[in-house]
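Letter by letter, the chains look like this.
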Amino acid sequence: MTAIAVLLCVVTVIPGTARADNPIVQTIYTADPAPLVHNGRVYLYTGHDEDGSTYFTMKEWRVWSSADLVNWTDHGSPMSVATFTWASADAWAGQAVYRNGKFYWYVPVKDRASGQMAIGVGVSNSPTGPFTDAIGHPLVRNGEIDPTVFIDDNGQAYLYWGNPNLWYVRLNADMISYSGSPTKIPLTTAGFGTRTGDPNRPTLYEEGPWVYKRNGLYYNVFAAKCCSEFIGYSTAPGPTGPWTYRGTIMPTQGGSFTNHPGVIDFNGGSYFFYHNGALPGGGGFTRSVAVEKFTYNADGTIPAINMTTTGAPRVGTLNPYVRQEAETIAWGSGVETEPAGEGGMNVGWIENGDHIKVKGVAFGSGATSFSARVASATSGGRIELRLDGVNGTPVGTCTVPGTGGWQTWTTVTCPVTGATGTHDLYFKYTGGSGYLFNANWWQFTGGSSIQIGVT
Ligand code: FUB
């Protein structure tokens, strides 16, 4: 065998080294991304498409967060249709914003009494909730959907929403009431492009507006045309227009007939969140949220952005010497998450051969031991610690015993050798048949690491 043939063999038997990181979440289907930057983290608010869904069957919203844009922590579902006692269904595309120490989450949801879609607003002291109904009734209700909220430099906040129209109203400083009446933004072809083939919808604007301001220019990024949608955008000199259509950001791609934009600047870069049908079983009603990094053109226009499976580059390292949640995941294979009896979420449904990848773990001078919080109603299994591939360099193995219940937690510890520098860390779960154990958190000891953009 030649050296090249040997090398090719080695490369092909190490799956995971080139593992894609889009979509962001592999444990459930997610849709309608709404990112929020707060205190050095990106909080990502999404919807949740039910498994096997054949409509927009969505009962709850979900929250994820990351400090490095590759490892995402699952914060579960801090708000659902049931949060709004007046609502009956359809936890659709919303956005959360921060103001005066509180987080306000604006969402479209069906009003039981009228059967119409309405905009509700949840409120919380924490970006991860729990959120409660801020006012006990719809903030606005006109049968239209997809709120986005923008707070201008002078403190004036605006709520925009709509499909088939595009509306705005000025929010009061309390963020839960408004002044004046909802106003229709004129959907002109100059402002929102020309749609052909549908006399009822002459412009490209469809739904999902995302309004923000950058360098004095106001942007409205939206789902365009139907169906399938693409992402287009318009700009304006002020928050209420006049809008000028600027073209396509993301072409129709990705196996979902809807798409939904969310745009942020974080840690010196610009990021575009969207959804597609990229997970196995994915499609128009089983969508997944993904992210791409982009750079604005010098004149403020947005370049074309294509969907990728690689996603955004890592913008920091993860400190293994502080407690990390098991549900902080760059890529999970075979596992799911659930609320943990000890608080937060845990990883569960772990079977032999499943794994979790955590990217950019800064071991520094070297770890000497590993601890994990685990529970098992069966006879447990093993956590193999491997570097840079699911079958990469082994640096330790922890044995997990049966603990008498899936929420009966114990901490296991095992020695670690050879974990120095910065690596992608793989937890490879092994054992017998069936579900092996649950994992709540983990932590290494022994080394010191220099952290960049600490997670
Ligand atoms: O997710 C349900 C609906 O589909 C959203 O409200 C729309 O934007 C579209 O993505």
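This is a predicted model, so every value here is computed, not measured.

Criteria and thresholds
Residues numbered from 1 in each chain as written. Predicted model: local features only at pLDDT ≥ 70, side-chain atom pairs only at ≥ 80, totals over all residues. Heavy atoms only, no water. Near = heavy atom within 4 Å. Polar contact = N/O pair within 3.5 Å; in protein donor to acceptor, adjacent residues only side chain to side chain. Areas by Shrake-Rupley, 256 points an atom, 1.4 Å probe, with all protein chains shown as cover. Helix = DSSP H or I, 4+ residues; strand = E, 2+ residues; numbered from the N terminus. Domains from an automatic or database assignment. Contact = heavy atoms within 4.5 Å. Buried area = accessible area lost by both parts, 1.4 Å probe. Salt bridge = Lys/Arg side-chain N within 4 Å of Asp/Glu carboxyl O. Buried < 20%, exposed > 50% of the residue type's maximum accessible area, 1.4 Å probe, protein only. Pairing = 2+ DSSP bridges. Axes fitted to C-alpha atoms, helices over the stretch in contact; angles between N-to-C directions. 1 Å grid on protein atoms, 1.4 Å probe; cavity = no way out; pocket = protein on both sides within 12 Å on 5 of 7 lines; lining within 4 Å. Points joined across faces, edges and corners; volume = space filled by probe spheres on them. UniProt positions renumbered as here; feature names shortened; annotations may be inferred.

Draft legend 1. Fine view of the site of the ligand. As a structural note, the neighbourhood of the ligand is formed by Asp32, Phe56, Met58, Trp92, Ala93, Ile145, Asp146, Glu207, Thr258, His260, His275 and Arg287. Here Ala93 contributes a backbone N or O atom positioned 3.3 Å from an oxygen atom of the ligand. Arg287 places a polar side-chain atom, nitrogen or oxygen, 2.8 Å from an oxygen atom of the ligand. Taking 280 Å² as the accessible area of the ligand by itself, protein coverage stands at 98%.

Draft legend 2. Representation of unusual backbone geometry in the model. Of note, the amide linkage connecting Asn163 to Pro164 takes the cis form, showing an omega dihedral of 20 degrees. Positionally, Pro164 belongs in the loop between strand S13 (157-161) and strand S14 (167-171). Omega for the bond connecting Gly241 with Pro242 falls within 30 degrees of zero, at -5 degrees, which places this linkage in the cis form. Residue placement: Pro242 occurs in the loop between strand S18 (230-236) and strand S19 (244-250). The backbone of Asp32 shows a phi angle near 55 degrees, a positive value even though the residue is not glycine. Mapped onto the secondary structure, Asp32 falls in strand S1 (residues 29-38). Positive phi is not limited to glycine here, since Trp349 has a value of about 55 degrees.

Draft legend 3. Highlighting the domain arrangement of the protein. Looking at the assigned domains, one finds that the protein contains domain 1 (22-294) and domain 2 (324-445). One C-alpha centre belongs to domain 1, the other to domain 2, and the line joining them spans 34 Å. Each partner contributes to the interface: domain 1 provides twelve residues, whereas domain 2 provides 14 residues. Both sides together, the interface formed by domain 1 and domain 2 hides about 1100 Å², and carbon and sulfur atoms give 52% of it. Per-residue buried area on domain 1 facing domain 2 is highest for Gln26, Thr27 and Asn71; these three make up 47% of the total on that side. Taken together, the connections running from domain 1 to domain 2 amount to zero salt bridges. Along the contact surface separating domain 1 from domain 2 lie six residue pairs in polar contact (both at pLDDT 80 or more). Top element by residues in the side of domain 1 that touches domain 2 is strand S4 (residues 72-74). It accounts for three residues.

Draft legend 4. Here's a closer look at the side chain of Asn220. Locating Asn220 in the fold gives a position in strand S17 (residues 217-224). Note on Asn220: relative accessible area 0%, which makes it buried.

Draft legend 5. Local environment of the sheet that holds S14. The strand order across the open sheet formed by four strands is S12-S13-S14-S15, and the pairing between neighbours is antiparallel. The open sheet has two edge strands, strand S12 (148-151) and strand S15 (178-184), and neither has a second partner. Neighbour-to-neighbour, the strand axes of this sheet turn through a mean angle of 20 degrees, independent of strand direction. Here four bridges tie S12 to S13, and the two strands are oriented antiparallel to one another. When the bridges of S13 are listed, Thr148 appears paired with Tyr160.

Draft legend 6. Inspection of the pairing of strand S29 (residues 369-376) at higher detail. Burial of S29 is extensive: eight of the eight residues sit out of reach of the surface. Because side chains alternate across S29, one face comprises the buried residues Ser369, Ser371, Arg373 and Ala375, and the other comprises Phe370, Ala372, Val374 and Ser376, equally buried. Pairing of S29 with strand S34 (residues 438-445), which is carried by seven bridges, proceeds in the antiparallel orientation. Of the residues in S34, the one forming a bridge with Ala375 is Asn438.

Draft legend 7. Fine view of the layout of surface pockets. Taken as a whole, the largest pocket encloses approximately 490 Å³ of empty space. What lines the largest pocket is a set of 19 residues, and nearest its centre among them are Phe150, Tyr212, Lys213, Val263 and Ile264. If you list the elements that add at least two residues to the lining of the largest pocket, you get S1, strand S7 (95-99), S12, strand S16 (205-214) and strand S20 (262-266). It is S16 that provides the largest number of residues to the lining of the largest pocket, a total of five residues. Of the volumes computed, that of the second largest pocket is approximately 320 Å³. Residue lining of the second largest pocket: 16 residues in total, with Gln26, Thr27, Ile28, Asp51 and Glu336 positioned closest to the centre. Of all elements in the fold, only strand S25 (331-333) and strand S26 (336-339) reach the threshold of two or more residues within the lining of the second largest pocket. If you count residues domain by domain, the lining of the second largest pocket takes at least three from each of domain 1 (22-294) and domain 2 (324-445).

Draft legend 8. Expanded view of the environment of Glu60. Mapped onto the elements of the fold, Glu60 is located in strand S3 (residues 60-66). With relative accessibility at 18%, the residue Glu60 sits in the buried group. Spatially, the C-alpha atoms of Glu60 and Ser77 are 6.5 Å apart, while their sequence positions differ by 17 residues. Not counting residues up to four positions away in its chain, the partners in contact with Glu60 are Gly47, His48, Ser77, Met79, Ser80 and Ala91. Only 3.2 Å separates the side chain of Glu60 from the side chain of Arg62, close enough to count as a polar contact. In terms of polar contacts, Glu60 uses its side chain to reach the side chain of Ser77, at 3.3 Å.

Draft legend 9. Structural detail: the UniProt feature "domain: CBM6" (unreviewed entry) in the protein. The sites that carry the UniProt feature "domain: CBM6" (unreviewed entry) are, in the present numbering, residues 322-445. Here residues 322-445 runs as 0% helix and 60% strand, with 8 Å between its end C-alpha atoms.

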